[in-house]
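As a plain string of letters, each chain reads:
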Amino acid sequence: MNIVILGSGNTATVLAKMMHAAGHSIVQVWSRNQQHAAELAKQVQSKAIHSLQEITTDADLCMIAVSDKAISEVAAELKLKESIGSYSRVSEY
């Protein structure tokens, strides 16, 4: 599976590493902090991107793994052609 990771914090890092170790391809990593995106991308043999408009259309999954406060903002900026839909609120567990 080809995966794009949006975020570079603890959750994004753990999930990216687990998915990479399971044999999935992390094709891109984006973060508001370009250095953090580059560091995580290097760890999972991926490409860091600097803009949400650079997200590849070949990804099977685009995972938003940012802080709860930033989810709505990041989701609003996404322009994905084929998607299930968007959610304005994510449930907290």
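The structure contained in this document is the topic of the report that follows. (Residues numbered from 1 in each chain as written. Predicted model: local features only at pLDDT ≥ 70, side-chain atom pairs only at ≥ 80, totals over all residues. Heavy atoms only, no water.)

On to unusual backbone geometry, then. Located in the positive-phi region is Gln45, a residue other than glycine, with phi close to 50 degrees. Overall, the relative accessible area of 66% leaves Gln45 in the exposed class. (Buried < 20%, exposed > 50% of the residue type's maximum accessible area, 1.4 Å probe, protein only.)

Another aspect to go through is the pairing of strand 2 (residues 25-30). Looking at chain direction, strand 1 (residues 2-6) and strand 2 are connected through five bridges and run parallel. Across the sheet, Val4 pairs through a bridge with Gln28, a residue of strand 2. With helix 1 (residues 10-21) bridging strand 1 and its parallel neighbour strand 2, the resulting β-α-β unit is right-handed. (Pairing = 2+ DSSP bridges. Helix = DSSP H or I, 4+ residues; strand = E, 2+ residues; numbered from the N terminus. Right-handed = clockwise from strand over helix to strand, strands pointing away.)

As for its placement among the helices and strands, Ile49 is situated in strand 3 (residues 47-49). Considering only alpha carbons, one finds Ile49 and Leu6, 43 residues apart in sequence, at a separation of 9.6 Å. In this view, Ile49 contacts Gln28, Val29, Trp30, Ser31, Glu54 and Ile55; residues no more than four positions away in its chain are not counted. (Contact = heavy atoms within 4.5 Å.)

A few words on the environment of Ile26. With respect to the element layout, Ile26 can be found in strand 2. Filtering out sequence-adjacent residues up to four positions away, Ile26 remains in contact with Ile3, Ile5, Ala16, Met19, His20, Val44, Gln45 and Ser46.

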